[in-house]
Amino acid sequence: MKIMGIETSCDETAASIVENGDLLLSNVVASSMDLHVKYGGVVPEVAARSHIEVIIPVIRQSLADANCIWDDIDGIAVTYGAGLSGSLLVGVLSARTLAIIFNKPLYAINHVEAHIYSNFITHSSLSSKKIRNSKPEFPMLAVIVSGGHSQLVLFKDHFNYTLLGQTQDDAIGEAFDKVAKILGLPYPGGPSVEKVAKLGDPKTFDLPKAKMSGYDFSFSGPKTAVLRLAQAQIGETYDFPSYKLAERLSEAQKVNIAASFNHVAIETIVDKVKLAYEEFSPRSVVIAGGVASSNELRKQLTEALPLPLEFPEPKLCTDNGAMVATLGCYKAALGQEVADPYALDVEPNLSM
Ligand code: KG4
Ligand code: ZN
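Since the model is a prediction, treat every value here as computed from it, not as a measurement.

Caption draft 1: Up close: the sheet that holds strand β4 (residues 75-81). As summarised here, the arrangement of the six strands in space is β5-β4-β1-β2-β3-β6, forming an open sheet in which the pairing is mixed. On the outer flanks of this sheet lie β5 (106-110) and β6 (123-124), each paired with one strand and no other. Here helix α2 (residues 44-65) sits on the sheet in contact with β1 (2-7), β2 (12-19) and β3 (23-31), set at roughly 20 degrees to β2.

Structure representation (structure tokens):
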């Protein structure tokens, strides 16, 4: 069974074909990131317009790369939330149209849930070599860390899960993006902060960790702590504007602040993962979302947990169509509900 996955929730226009829920046949991603860099974040109207321009070529390329024609495709899966409404609309309307024209079942996919499913890809006809060797086993603890989400979810089985906890304010990726801005580092902030963090010492500054009850997180406090620390370092008070900080901070101050934040933000996640691991004894722990490509996260988790960990390659951690297609395969195989191609709507605030 071959499913096409279409993803347009943010600034990546992506289409991919996955066979039987684990074999990656194509993975085409066109990003409009370059258009957003000068604004320091994704501009929704620019992203939506860019999706319209590239969605058809991206879908065509995903078929060509997989050596497929429409007759070979058994269903279409599309992200319908959460995300930017104008961006989601382009993917959903394209998928609905294709489902009607080619008479294929349509599967409505939750973006956050899809991120987890990049961990189920274990084979690839493409040249990528860093995918997992085996599928995760249930019960499975999923650590979802992206620009829009920070959640811990316990899966008893496919489509049977409990949300253990989530961020009460900023998502972790969002906090990385804001800290990068304070330090004058380019967008997206996560990779920029991690890169300069390698040059600094995480012990130079003692940034506070937010203490939240249960499995919830908070990243707004640590982000503000970075702002106050930066202001104090140059001898200014809390009313000194954040956009003027970067030019006054020395390189040493920047790399050490980046190193401290990188360490503390990731440790906040890992502390709760450890707690959940002890309480629920899952047979596997998976990470998903853009921040899952963080080397610091991979390192700290490997040290903290007693089970062998496998990670998807970074290309499958950031937004892509392969994760959408993979979840679509499981929906189709396990008889989950199909969507109405004449009615499926976007849900920008969809949660798990
Ligand atoms: O999943 P994703 O591509 O988009 C959303 O659905 O949000 O995640 C993007 C986020 C950005 O905030 C980016 O700064 C963060 O993932 N990110 C990282 C790293 N790589 C990407 N954060 C920390 N360390 C990284 N290495
Ligand atoms: Zn995402």
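Caption draft 2: Fine view of the layout of surface pockets. A volume near 1200 Å³ is recorded for the largest pocket. Lining the largest pocket are 47 residues, and of these Ser146, Gly147, Gly148, Asp177 and Tyr187 lie nearest its centre. Sorting the residues of the lining of the largest pocket by element identifies α4 (111-117), β8 (150-157), α5 (172-182) and α6 (189-197) as the ones contributing at least two each. In the lining of the largest pocket, the residues fall into 13 nonpolar, 24 polar and ten charged. Here the lining of the largest pocket spans two domains, and each of domain 1 (2-132 + 313-333) and domain 2 (140-304) adds at least three residues to it. Approximately 210 Å³ is the volume found for the second largest pocket. Every residue along the wall of the second largest pocket is listed here: Glu194, Ala197, Lys198, Pro202, Lys203, Ala259, Asn262, His263, Asn295, Glu296 and Lys299. Secondary-structure elements contributing two or more residues to the lining of the second largest pocket are α6, α9 (251-280) and α10 (295-304). For the lining of the second largest pocket, the per-class residue count stands at three nonpolar, three polar and five charged.

Rules behind the numbers
Residues numbered from 1 in each chain as written. Chains lettered and ligands numbered in written order. Predicted model: local features only at pLDDT ≥ 70, side-chain atom pairs only at ≥ 80, totals over all residues. Heavy atoms only, no water. Pairing = 2+ DSSP bridges. Helix = DSSP H or I, 4+ residues; strand = E, 2+ residues; numbered from the N terminus. Contact = heavy atoms within 4.5 Å. Axes fitted to C-alpha atoms, helices over the stretch in contact; angles between N-to-C directions. 1 Å grid on protein atoms, 1.4 Å probe; cavity = no way out; pocket = protein on both sides within 12 Å on 5 of 7 lines; lining within 4 Å. Points joined across faces, edges and corners; volume = space filled by probe spheres on them. Nonpolar A, V, L, I, M, F, W, Y, C, P; charged D, E, K, R; others polar. Domains from an automatic or database assignment.

Taken by themselves, the reported measurements are silent on function.
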